[in-house]
Amino acid sequence: MRCGAPPRSVFASAPVLAGENRGPAKASRKRTVAATAKGCARVERTLVLVKPDGVQRNLIGEIVSRLERKGLRLVAARFLQADRALAEAHYAPHRERPFFPELIAFLTSGPMLALVWEGPRAIEQVRTIMGATDPAKSPPGSIRGDLALTVGNNLIHGSDGPESAEREIGLFFRPEDLVTYRRAGDAWAQGRE
Ligand code: IDP
Ligand code: MG
């Protein structure tokens, strides 16, 4: 595989769309194929949400711009207001946490922008640009460090690993929603083609 080429598959099981809570995705049958040749970083896809506070604070452009300028490639976008089933499926790993009801109320409180970004080590890159869960512990220059104040209103979600990325992308998008393409600048931003 060439450096920067997209993963061959990001779906381990049938996608779940908004309003169709089919429960957690089954264990991965087909592992995401990553570039492993010498000098190639692992190419990944990750789910980003500009959460309802980001939309209400007119920060969609700011957040998308930071990810775009980094060199990550946008492969899917959807503006939606999540229903309870979708929000609960997305945050299922936090179901037992005391803040779960508050988190679901927040995520369903208004529209948000769901995005899939792709690039070398995209999961880690987005997490770094986001900053820590607690904005007070996020460094200046990060989205949460620069633009957010509280854990509950921290503007952005980014997948925390390959398996959660695959599961979360499947909650918000169908396989055919993900666009495979290359940009003229990808060889410069993402490495040798
Ligand atoms: P992350 O968004 O940095 O990955 P997670 O631990 O996955 O953080 O938590 C998911 C979301 O739940 C956080 O972004 C935050 O909005 C909310 N959250 C996490 N911990 C707390 C808490 O202690 N109180 C209230 N909300 C929390
Ligand atoms: Mg998380």
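Residues numbered from 1 in each chain as written. Chains lettered and ligands numbered in written order. Predicted model: local features only at pLDDT ≥ 70, side-chain atom pairs only at ≥ 80, totals over all residues. Heavy atoms only, no water.

## What to know about the site of ligand 1
Then, in step 1: By nearness alone, every residue bordering ligand 1 is listed as Lys51, Tyr91, His94, Phe99, Leu103, Arg127, Thr133, Arg144, Val151 and Asn154.
Then, in step 2: Measuring from an oxygen atom of ligand 1, one finds a side-chain N or O atom of arginine 127 at 2.8 Å.
Then, in step 3: Note that an oxygen atom of ligand 1 is positioned 2.9 Å from one of the side-chain N or O atoms of asparagine 154.
Then, in step 4: Relative to its free-state accessible area of 520 Å², ligand 1 is covered by the protein chains to the extent of 78%. (Near = heavy atom within 4 Å. Polar contact = N/O pair within 3.5 Å; in protein donor to acceptor, adjacent residues only side chain to side chain. Areas by Shrake-Rupley, 256 points an atom, 1.4 Å probe, with all protein chains shown as cover.)

## Remarks on the sheet that holds strand β4 (residues 156-158)
Then, in step 1: Strand order in the open sheet formed by 4 strands is β2-β3-β1-β4, with antiparallel pairing between adjacent strands. In this open sheet, the two edge strands, each paired with only one partner strand, are β2 (73-80) and β4. Here the strands of the sheet are splayed against their neighbours by 20° on average, with no regard to which way each runs.
Then, in step 2: Sheet topology note: the strand β1 (residues 43-50)/strand β3 (residues 112-120) ladder contains 8 bridges and is antiparallel. Directly across from valine 50, in β3, lies its bridge partner leucine 113. (Pairing = 2+ DSSP bridges. Helix = DSSP H or I, 4+ residues; strand = E, 2+ residues; numbered from the N terminus. Axes fitted to C-alpha atoms, helices over the stretch in contact; angles between N-to-C directions.)

## Notes on helix α4 (residues 100-107)
Then, in step 1: Three or more residues of α4 are buried, namely Phe100, Leu103, Ile104, Phe106 and Leu107. Down the axis of α4, the sector holding all buried residues measures 160°, keeping them to one side. Across α4 from its buried face, at more than 90 degrees, point the exposed residues Pro101 and Glu102.
Then, in step 2: Against α1 (52-56), α3 (84-90) and β3 lie the buried residues of α4. (Buried < 20%, exposed > 50% of the residue type's maximum accessible area, 1.4 Å probe, protein only. Arc of directions from axis to C-beta. Contact = heavy atoms within 4.5 Å.)

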